[in-house]
Amino acid sequence: MIFLKILNTVLALITAPLLLGIINRTKAFFAGRNGQPLLQPYYDIWKLLNKGSVYSIATSRIFRIGPVVGFSVVLIAAAIVPFGGLPVLLDFQGDLILFAYLFGLSRFFTVLMAMDTASSFEGMGASREVTFSALTEPALLIGLAAIAKYTGYVSLAQIFSSINFDAWLNAAPAFILIGFAFLIVFLSENSRIPVDDPNTHLELTMIHEVMILDHSGPDLAIILYSAAMKMWLLGAILTGIVIPVHSDNVFLNVSAALLFMLLLAVLTGIIESSMARLRLLHVPQLLIGAATLSVLALILILR
Amino acid sequence: MSIFILGLTVILAGGLVSIFLGRRPALASFLAVAGAAVGSIISIFPCFKILLSGIAESMRLEWNVPFGSFFIKIDAISALFLIPIFGLSAIAAVYGMGYLSSYSSRKNLGVHWFFYNLLLIAMALVVVARNGVLFLVSWEIMSLSSFFLVTFEYEQEKTQKAGLIYLIAMHIGTAFLIAFFVLLGNHNGSMDFDKISVLPSSLASILFLLAIVGFGTKAGFMPFHVWLPYAHPAAPSHVSAVMSGVMIKTGIYGLVRTLTLLGTPPEWWCWTLIIIGAVSGVLGVLFALAQHDLKRLLAYHSVENIGIITIGLGVGLLGISKGSPVLVVLGFTGGLFHVINHAVFKGLLFLCAGSILHSCGTGHIDRLGGIIKRMPWTACTFLIGAIAISGLPPLNGFVSEFMIYLGVFKSDTGSGMNELIPSLIVIGSLSLIGGLALACFTKAFGVIFLGLPRSSEAQHAHEAGTCMRFSMVILAACCVILGIFSPLVIRFAENVIPEITSLNTEQIQIELSSASGILNHFVAASLILMGIIGIITVLHKLLFGRRIVREAVTWDCGYARPEPRMQYTATSFAQPLVDLFRFFLRTNKDISRSEDIFPAQSRLNTDTSDICEKYIYQPGFKFLSELLAKLRWLQHGRIQLYILYIALTLLILLIWKLMKA
């Protein structure tokens, strides 16, 4: 049991950067390029970990402690979120609320790090980050409330273990709505198109990338890795809702979940290849739309 | 009880002595602060005892006032509110001694400290009074003494305006409370709170509405909050801390006490509270976001946090009317725990704001920047306060919000509209408040403390003195302690909730134990989080051991000379959200840009005034003054006719009396 619990966290730690690799390969495929190796994100992180660092003279301690806090937060979150029906290290009633707020803590420090550099570009990114995340938060929490109300449980592990095929048959519309809402949350929180473009290096259009413009070396490696972990964890939440596989065979469950994660990464790649980033003024509409989907799901469940 | 009275006497003695020592400001301050601190420490012990044991203590003396009696009683509810009152007031007093020292040549500090100690006593009396007349008298002393504290810098025009608005708002609120107590006393046949008879539901509802307006004005419910953004910035910072941290909570106390007097609540009361809470919470934080002045920003955050507290109370009340122990316990415990938490972190933030004002001479956020390097203590404590008030783990602010969330997530009142609407309003508003509070405090901390100084004041900032640092560090430590020991701290509700509801005590115990158990897990997670942060920080240091670490300017896209003025300001940081919510905020933008083809000076001025003030109070008072202008012919300045009015009135009263007889 304890082995499986640790496996749940370790799986996240090992496989998370792979998602970025898959997304990049998918985008390369659509662009007709060969693309970077699948494992490039690992190489990048390793390369950065071995480099020296340049700090801005404007920065303070906050700039140095920020990446550490962000990484610690994803470690704790990785102990909370179950993947593919595996048991988790930390499981208690209301852990889903802690999960949502832990990312708030890491965001708090990311934004402060950006403000610490005294750069107006990073200030811009920080300002957009807090704007959009304030609108994603209701979508995430109301969506979580909807599944909590449906299953009658308030911890992620119990909720996901009670979402099965019957639940899907009974409340398919609600689950589909939540699925779409969380997909938007997933894209927005992980700074993907259509909210943010991780590829452009034009500071004026970016959100997450611009906030970490002044980070270098190991700090940047930690930030990249934490971002990959965050993507994995939010993907795991989506997997828990969409893939109701709960057989006795742990291997089968995990494989099904991994397969879905692969598809999710490919889907993200397809979205990024096939559409442009929304104008910043239109992003709030998308996010409010996600919140509305969550609200509708809650209404369907509690009617 | 005698220990409690002894403490109050010490506080009063300190205040009285200081008023006669106006010529020796240092001694006057020291004696008054010592009185407040020692008295508070003495009085706080019986409060802890009563809160833990649940055994109330009371005292009743004859009082030569019609309908009045000096009837005071400390039960668990009173004790719960007394602890932050004494705790925060004592800490803020120590801070104030350092903060006011620079004023000693210009102001009579003895008078200031007299009113400070008087305010402390009045707050304590409000919370223990069990007679309507005594309550109103204490309430009025509290309002007046705080008025004199707010108008400390009375020679400034903006302080005069703030004081006037405060005085008027308080008395409008008190008018509703007088009506409240007269109606209640009339029905019960006594102004004492212990003679309760069953109220007819219509009377109970009228009393409930009167209490909402009367106590809501003190607490700062939207739309009765208009005095807060004026009074808090005008007052000296330790006074703002006390007013925002504990004085406005007497409004919450009044509401909770009212609920114990009015019997079983009908469902619409719960809705009223939840909706008032959600509106105050969301609009409070939105207006905070649009402010440029740090203390005004914090004042709007008080409205927000009062909103969160009220949501908690509303959820608890809903539990009473539905008979659901989960909602009762988690709603009330969350709401009341937030009362304590808010006292701690808001007190802390106001004290930090005071240090900034003291050192830079301005609270204008856009004129500060980079002062973390010159004021590390203030920065560190402000950061802790900011994380706590944003409701982020692992600090205390998260725990109280978490409990309210958990109550709604776990509520078991079946399905349908009754279940849907509270879930939707509570979860929707709390999550939105959380996101916006994060935006607001990253803005405040980021622009004030980080980056480069935007003005010479900020460049020459200096760290606060020992007294001030001491108070800030204690409050910051409390934020951490209340978070880490939350499973124990929430046990306070064991004796408080039975005072509010007649729900089965055993059920309350069961729910509370389960909540404590859940919080144990949360604490474990927080401790692991802090541990990991510690370990990784060490690893991080080791990792850098032999690395080349260089320092350079911030990446500036190739500009030749980056300037602090190029930094993002608080106004620009908040702009996307302010624009998004322009329907509520109605920010006034005054742009003058040059139309010439050659560069010339251009400027942008944004100002977000309060919508309630602009669209409710200003037209309302204008209408009232026009209406009353029609009666002006009565006032013509001829004394003979005024005497005639008096004589006529007396005559009419006499005739009326005779006819009745």
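Novice: So what about the overall build of chain B? Which residues, and what values?
Specialist: A tally of regular secondary structure across chain B gives 25 helices and 5 strands. C-alpha extents for chain B along the principal axes are approximately 100 × 70 × 55 Å. Every one of the 661 residues in chain B was classed for burial, and the buried ones make up 59%. In chain B, of all internal contacts separated by at least 6 residues, the share reaching a separation of at least 24 is 79%. Seen as two clouds, the 44 positive and the 33 negative side-chain charges of chain B have centres 5 Å apart.

Novice: Go over the overall build of chain A with me, naming the residues and quoting the values.
Specialist: Regarding its fold elements, chain A presents 12 helices and 1 strand. For a compact globule of 303 residues, the expected C-alpha radius of gyration is about 19 Å, and chain A comes in at 19 Å, within 12% of that figure. Over its C-alpha atoms, taken along the principal directions, chain A stretches across nearly 55 × 45 × 40 Å. Sequence separation of 24 or more characterises 78% of the internal contacts of chain A that already satisfy a separation of 6 or more.

Novice: Residues and numbers for helix H14 (residues 376-389) of chain B, please.
Specialist: Residues and elements named next belong to chain B. With 14 residues, H14 ought to run about 20 Å at 1.5 Å a step, and its terminal C-alpha atoms sit 20 Å apart, in line with that. Extensive coverage of H14 is indicated by the burial of 10 of its 14 residues. Turning to H14, its buried residues are Thr378, Ala379, Thr381, Phe382, Leu383, Gly385, Ala386, Ile387, Ala388 and Ile389. Positive backbone phi, approximately 70°, marks Gly391, located one or two places after H14.

Novice: Describe in detail the confidence of the model for chain B, supporting the description with residues and values.
Specialist: Scored by pLDDT, chain B comes out at a mean of 90, with 99% of its residues at no less than 70. Mean pLDDT across the elements of chain B ranges from a minimum in strand E3 (residues 549-552) of chain B, with 83, to a maximum in H14(B), with 95.

Novice: Any chance you could break down the environment of Ala600(B) for me, citing the residues and the numbers?
Specialist: Structurally, Ala600(B) can be placed in the loop between strand E4 (588-592) and strand E5 (603-607). C-alpha separation for the pair Ala600(B) and Thr258(B), spaced 342 residues apart in sequence, amounts to 61 Å.

Novice: Which residues make up helix H15 (residues 396-410) of chain B, and what are the values?
Specialist: Under the 1.5 Å per step criterion, the end-to-end length of H15(B) is 21 Å for 15 residues, consistent within 8% with the ideal 21 Å. Across the 15 residues of H15(B), 15 count as buried, placing the element largely inside the fold.

Novice: Explain the interface of chain B and chain A to me, and be specific about the residues and the numbers.
Specialist: Contacts between the two partners involve 75 residues from chain B, matched on the other side by 74 residues from chain A. Summing both partners gives a buried area of about 6400 Å² for chain B against chain A, and 77% of it is carried by carbon and sulfur. The largest per-residue losses of area from chain B upon contact with chain A belong to Phe409(B), Thr554(B) and Tyr568(B), which jointly make up 10% of the total buried on that side. Seen at the junction of chain B and chain A, the total is 1 salt bridge.

Novice: If you had to explain unusual backbone geometry to someone new, which residues and values would you point to?
Specialist: For the bond running from Ile193(A) to Pro194(A), omega is 10°, close enough to zero to count as cis. Position of Pro194(A) among the secondary structure elements: in the loop between helix H8 (172-189) and helix H9 (208-211). Along the chain, Pro393(B) connects to Pro394(B) via a cis peptide bond; the corresponding omega equals 10°. Here Pro394(B) lies in the loop between H14 and H15.

Novice: Residue-level account of the domain arrangement of chain B, with values.
Specialist: Parsing chain B into structural domains produces domain 1 (264-541) and domain 2 (612-660). Taking the mean C-alpha position of each, domain 1 of chain B and domain 2 of chain B sit 47 Å from one another.

Novice: Kindly report on the environment of Val523(B), identifying the contributing residues and their values.
Specialist: Residues and elements named next belong to chain B. When you line up the elements, Val523 lands in helix H21 (residues 505-543). Residue Val523 is classed as buried on the basis of its relative accessible area, which comes to 9%. Separated by 129 residues in sequence, Val523 and Pro394 place their C-alpha atoms 7.7 Å apart. Other than its neighbours up to four places away in sequence, Val523 contacts Gly483, Ile484, Ser486 and Pro487.

Novice: Quick rundown of the pattern of salt bridges? Include the residues and the values.
Specialist: Residue and element names in this part refer to chain A. Scanning the model with the defined rule gives 16 salt bridges over all chains in all. Close ionic contact of Glu137 with Arg107 constitutes a salt bridge, the shortest N to O distance being 3.9 Å. Placement of the pair is Glu137 in helix H5 (residues 120-151) and Arg107 in helix H4 (residues 95-116), with a sequence separation of 30 residues. For Glu137, a relative accessible area of 8% puts it in the buried group. Using a relative accessible area of 3% as the deciding quantity, one classes Arg107 as buried. Put simply, Arg107, Glu129, Glu137, Glu189 and Lys230 are held in one network by salt bridges that share partners.

Novice: Residues and numbers for the packing of helix H13 (residues 325-360) of chain B against helix H18 (residues 466-484) of chain B, please.
Specialist: Each packed pair of helices is defined by two parameters, the angle between the axes and the distance between the axes. Residue and element names in this part refer to chain B. Put simply, H13 and H18 touch, their axes get as near as 9 Å, and they point 150° apart. Between H13 and H18, the crossing angle belongs to the class labelled roughly antiparallel. Read as a crossing pair, H13 and H18 show a hand that is left-handed. Where H13 approaches H18, its residues Phe337, Ile340, Asn341, Val344, Phe345, Gly347, Leu348, Leu351, Cys352, Ser355 and His358 are matched on the opposing element by Met468, Ser471, Met472, Leu475, Ala476, Cys478, Cys479 and Leu482.

Novice: A description of the packing of aromatic side chains should follow, citing residues and the corresponding values.
Specialist: In the structure shown here, the tally under the stated rule is 44 aromatic pairs over all chains. On the basis of an interplanar angle of 25° and a centroid distance of 6.5 Å, the ring pair of Tyr617(B) and Phe621(B) is categorised as stacked. Of this pair, Tyr617(B) and Phe621(B) both sit in helix H24 (residues 611-629), 4 residues apart, which is roughly one turn of the helix. Here Phe621(B) falls in the partly exposed class, since its relative accessible area comes to 41%. Grouped by ring-pair contacts, the aromatic residues Tyr101(A), Phe398(B), Phe402(B), Tyr405(B), Phe409(B) and Phe522(B) constitute a single cluster. In this structure, Lys107(B) packs its charged tip against the face of Phe152(B), placed 5.3 Å from the ring centre.

Novice: Go over the environment of Ser101(B), please, and point to the residues and values.
Specialist: Residues and elements named next belong to chain B. When you line up the elements, Ser101 lands in the loop between helix H3 (76-100) and helix H4 (109-128). Looking at Ser101, the relative accessible area reads 43%, which means it is partly exposed. For the pair formed by Ser101 and Leu203, sequence separation is 102 residues and the distance between their alpha carbons is 52 Å. Within the local environment of Ser101, its side chain forms a polar contact with the backbone oxygen of Gly98, the two atoms lying 2.8 Å apart.

Novice: Which residues make up the packing of H4(A) against H15(B), and what values do they have?
Specialist: Two elements in contact, H4(A) and H15(B), have axes separated by 10 Å at closest approach and are oriented at 135°. The angle between the axes of H4(A) and H15(B) places the two elements in the oblique class. Where H4(A) crosses over H15(B), the handedness of that crossing is right-handed. Contacts from Leu96(A), Ile97(A), Leu98(A) and Tyr101(A) in H4(A) reach Phe398(B), Glu401(B), Phe402(B), Tyr405(B), Leu406(B) and Phe409(B) in H15(B). Counted by class, the contact of H4(A) with H15(B) contains 9 nonpolar, no polar and 1 charged residues.

Novice: Break down the side chain of Thr258(B) for me, with residues and values.
Specialist: Relative to the elements of secondary structure, Thr258(B) occurs in helix H10 (residues 249-262). The residues contacting Thr258(B), other than those within four sequence positions of it, are Phe180(B), Ala211(B) and Phe215(B).

Novice: Could you give an account of the nonpolar core, naming the residues involved and the relevant values?
Specialist: Phe108(A), Phe86(B), Trp227(B), Ile252(B), Leu336(B), Phe382(B) and Phe441(B) are the most contacted members of the largest nonpolar core, which has 344 residues in total. In terms of residues, this core owes the most to one element, H13(B), which gives 21 residues.

Rules behind the numbers
- Residues numbered from 1 in each chain as written.
- Chains lettered and ligands numbered in written order.
- Predicted model: local features only at pLDDT ≥ 70, side-chain atom pairs only at ≥ 80, totals over all residues.
- Heavy atoms only, no water.
- Helix = DSSP H or I, 4+ residues; strand = E, 2+ residues; numbered from the N terminus.
- Buried < 20%, exposed > 50% of the residue type's maximum accessible area, 1.4 Å probe, protein only.
- Contact = heavy atoms within 4.5 Å.
- Lys, Arg positive; Asp, Glu negative; His and termini not counted.
- Charge placed at Lys NZ, Arg CZ, Asp CG, Glu CD.
- Rg over C-alpha atoms; globule rule 2.2 N^0.38 Å.
- Expected span 1.5 Å × (residues − 1).
- pLDDT = per-residue confidence, 0-100.
- Buried area = accessible area lost by both parts, 1.4 Å probe.
- Salt bridge = Lys/Arg side-chain N within 4 Å of Asp/Glu carboxyl O.
- Domains from an automatic or database assignment.
- Axes fitted to C-alpha atoms, helices over the stretch in contact; angles between N-to-C directions.
- Parallel < 35°, antiparallel > 145°, perpendicular 65-115°, else oblique.
- Left-handed = near helix turned anticlockwise from the far one by under 90°.
- Phe/Tyr/Trp six-rings, centres within 6.5 Å; stacked < 30°, edge-to-face > 60°.
- Lys NZ or Arg CZ within 6 Å of the ring centre and 35° of its normal.
- Polar contact = N/O pair within 3.5 Å; in protein donor to acceptor, adjacent residues only side chain to side chain.
- Nonpolar A, V, L, I, M, F, W, Y, C, P; charged D, E, K, R; others polar.
- Core = buried A, V, L, I, M, F, W, Y, C linked by side-chain atoms within 4.5 Å.

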